[in-house]
Amino acid sequence: GDEGSSSSTTLPDQGLDDYGSDRPRVKVDLDPELVDDLPVMSLEEVEKCDGLDRSDRLLVTYDGIVYDVTEFAMSHPGGKDLILTAAGSDLGHFFDNYRVHAQTDKASNWLASLAIGKLSPEDAERARGRSTPEAHVEKRSKLLRRARRRVVAVAVTLPAWMTVRSLVRLVGSFVPSLGRLLARWLPVTVPGYTPGSERLDPSTSSSEEEGAPPTVAVIGGGIAGCGAAWALSRSGFRVVLFEGRSNLGGNARTFEWDFSEYGLPPDAPQPEEGQSPNTIRSCVSVTAWPPIYYKNYTALLENLGIETVHQPLSWFLNSKVPGKEGTLWGADPAKYDGSLRNVFERDFKIYDRVVRFSRFVTNSFTLKFLRRNDEVSMYDTHTGLGLLNPLTLVPLYSLFRLGGGSRDWWDIIFTPYYTASFLVDELRPFPAVFGPLIEDQIPLLPNGENTWQGSSKRGERDCNITTCVTWKDAGNGIREVLRKLTKDAEVHTDRRVLSVEVLPDGRKRVIDEYDNAIDVDRVIFACPANAVGNMHKSHTKLAETILSTPVYADDHHPSSGHMHAVMHSDGSVIDEPYREDCIKRASNYVEVTKTGEGHINIENQYNFGVQTPGPGVYDLPLDKKPVMLIGHAMGEGKEYDPSLVRGTGNHARAHPLYSGWNVMAQLSLRLVQGRDGVYYCSNWTTPGNCHDMSLLSGLICAHAVGAEYPFEGKGEAKKDFNRLRDLMGL
């Protein structure tokens, strides 16, 4: 169910192609006699069946064999849209970059029965050569443009539908039966009146079994799905959770670092069941968060008894772009010799003015002056007149450029700096309304409120961001969170859901890949948007339009950027003049270069020797711990020492882009939430891409089903809950 979760592994044969071992590849075992009997087809014939010309047929090639995936497209766990993207092409590129396919034999087994022809050796070679990341992005962009045209039509009518929904609810408040009748005939959901959108009472018996509470299926085991499962379970519902991978976690995957040579630090947590001895776990994707903004996640950790510690984040940028060379400590405002704050002094001033302007406009539209007692929030951008704020859709990049800012500053400073936070390297669509929020949390313009500078045992002039915390037990902390959230749920890992069918009595039949079936009262999808449509067999055309719109990082960079990660202990990848200092105190080493083709490359090395403070790793001398780096997008001419590579990770379908299109889809989603008792949560259903928003989306869907809000005593947290609940239309 969680097709898009990032994944990581310590196995030396998982994606280490250039680092000492062969990466496992999808191998389709076909009977040689069958292959001999297959008719020879031309590549041109295959390329015509690409899903763009309304052809009913979808063909792909792989290792010279032609496969008809027309019917399979509706069953693909990753969604129909990704099969459409691959249609007419060779699958080699897709299998290389969406590496989940090689982790089991499922993909090869599915393909084996779909072979219909073969290419000549010359055409097979041409097919492989034409299936490139560039061709992938071009094809995906065409499909997304089609989806965007449709979602614009939905978004334009959104105010009218919201008015109609309000009128139906008004009628229903006086004559409930009439309200339900009107809602039944509308193409959009009216919460509480459309069939399936009524809140359930957990004390009433399920229609499946007398005396049993209502049953809810949650599909996806990230923080959104686990949060929904927890809220429902503690309210008395029976919860069945499905996760397609072997572990819960969604984007928050863990990785083990070997301390055998050094010995574990005194504060290291005891290894858990299944954890290798003498290792410390780190969380590969989610590492830190600001409690003042993550109010509900903070309340959750307090409720579960999970300890946190300050996370000493400090980005170090090293630009090698000709004419723009220099370095930057993000948490240090000092303009030292060689600082990029000198190189881009004018641009930093323009960016400061743009952030101030965005803050003023947003505060004006949200009537901030009338809410003086409210704490800062990520969720109040739509309050008051906020939905009319043009900065919700206008990109921050556009404002910056309009104000005279340079493209070089955006490409060399802004994007590399925040790539480390958002795990995407396309930030031009980032809405201006969020500019002040990220500046408050992870500043490029540091001040005394959000950063610290001073002397420490790591250097005479140390610095870090003061806004963030992390789990005291690092990777074990997030695993403990997920365990506690799901302890009262029936959890099925390694089990993908193939279909959700609405039965005549309104219940939903959930069928998994092993043909197990369970009838439930409600379904919550907590997985990527593209995966939902193939599972939810009776979703409407309106839902299809919305589900096909969200854009993910790999839609722009399927083979580079933050798509692939390498866990390693090779400190030589950091420039020698800065190496020791960065390994001591930089949470991220970001090297910006220009490629031979003239493109900007952003190499990002996450330093878990700094980002693991709870177990005591941060304070260890360098000779008492391994180098703990996770690298992305290695620069040209550089390579890892194969003997120091510890594993790899893949972030396909993990991170939606911050864009106006995604906001448009998220706002439109309210029109289908709850229809037939089906709900949607996850990062793509929120205006951002963070742990707190994903958690809250799960709690909100659980509440819509019938669960109680779990943090009634936390006033500011509940304000955020209600704000996002309003934004999601629930």
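Our subject is the structure listed above.
Presented here is a report on the structure given in the accompanying data block. Just so it is clear, the structure is predicted and the values come from calculations on it, not from any experiment. (Residues numbered from 1 in each chain as written. Predicted model: local features only at pLDDT ≥ 70, side-chain atom pairs only at ≥ 80, totals over all residues. Heavy atoms only, no water.)

## Quick notes on the state of the cysteines
Part 1: Counted by the stated rule, this structure contains zero disulfides.
Part 2: In this model Cys283 remains outside any disulfide bridge; the closest cysteine sulfur is found in Cys226, 13 Å from its own.
Part 3: By relative accessible area, which is 4% here, Cys283 ends up buried.
Part 4: With no disulfide of its own, Cys468 has Cys690 as its nearest cysteine by sulfur position, at a separation of 11 Å.
Part 5: Cys468 sits in the buried class, given a relative accessible area of 3%. (Disulfide = S-S within 2.5 Å. Buried < 20%, exposed > 50% of the residue type's maximum accessible area, 1.4 Å probe, protein only.)

## Quick look at helix α10 (residues 295-304)
Part 1: Within α10, seven of the 10 residues are buried, which leaves the element mostly enclosed by the surrounding structure.
Part 2: Within α10, the full set of buried residues consists of Lys295, Asn296, Tyr297, Ala299, Leu300, Leu301 and Leu304.
Part 3: Elements that come into contact with the buried residues of α10 comprise α9 (223-234), β9 (308-310), β14 (469-471), α16 (474-485), α21 (691-705) and α22 (715-727).
Part 4: After α10 finishes, the residue Gly305 shows a positive phi value of roughly 75 degrees. (Helix = DSSP H or I, 4+ residues; strand = E, 2+ residues; numbered from the N terminus. Contact = heavy atoms within 4.5 Å.)

## Some points on unusual backbone geometry
Part 1: Unusually for a residue other than glycine, Asn278 sits at a positive phi of about 60 degrees.
Part 2: The residue Asn278 is located in the loop between β7 (254-258) and β8 (279-283) in this model.
Part 3: The phi torsion at Ala474 lies on the positive side, around 50 degrees, for a residue other than glycine.
Part 4: Residue class for Ala474 comes out buried when judged on its relative accessible area of 7%.

## Notes on the pairing of strand β21 (residues 588-594)
Part 1: In terms of residue burial, β21 counts as a mostly covered element, since six of its seven residues are buried.
Part 2: Where strand β10 (residues 315-319) lies against β21, five bridges are found, and the strand directions are parallel. Looking at β21, one finds that Ser319 is bridged to Val592. (Pairing = 2+ DSSP bridges.)

## Section: a nonpolar patch on the surface
Part 1: Taken together, Leu167, Leu170, Phe174, Val175, Leu178, Leu181, Leu182 and Trp185 make up a surface patch of nonpolar side chains, about 860 Å² in accessible area.
Part 2: By secondary structure assignment, the location of Leu170 is in helix α7 (residues 133-174).
Part 3: On the accessibility criterion, Leu170 (47% relative accessible area) is partly exposed. (Patch = residues over 30% accessible without salt bridge, like charges linked within 9 Å, V, L, I, M, F, W, Y side chains within 5 Å. Areas by Shrake-Rupley, 256 points an atom, 1.4 Å probe, with all protein chains shown as cover. Salt bridge = Lys/Arg side-chain N within 4 Å of Asp/Glu carboxyl O.)

## With respect to the packing of helix α12 (residues 345-365) against helix α14 (residues 407-422)
Part 1: Between α12 and α14, the least distance of the axes is 10 Å, while the angle of their chain directions is 60 degrees. Taken together, the axes of α12 and α14 are oblique relative to one another. Considering the relative orientation of α12 and α14, their crossing is right-handed. On α14, the residues that touch Asp347, Phe348 and Tyr351 of α12 are Trp409, Ile413, Phe414 and Tyr418.
Part 2: A breakdown of the residues in the contact of α12 with α14 according to their chemical character gives six nonpolar, no polar and one charged. (Axes fitted to C-alpha atoms, helices over the stretch in contact; angles between N-to-C directions. Parallel < 35°, antiparallel > 145°, perpendicular 65-115°, else oblique. Left-handed = near helix turned anticlockwise from the far one by under 90°. Nonpolar A, V, L, I, M, F, W, Y, C, P; charged D, E, K, R; others polar.)

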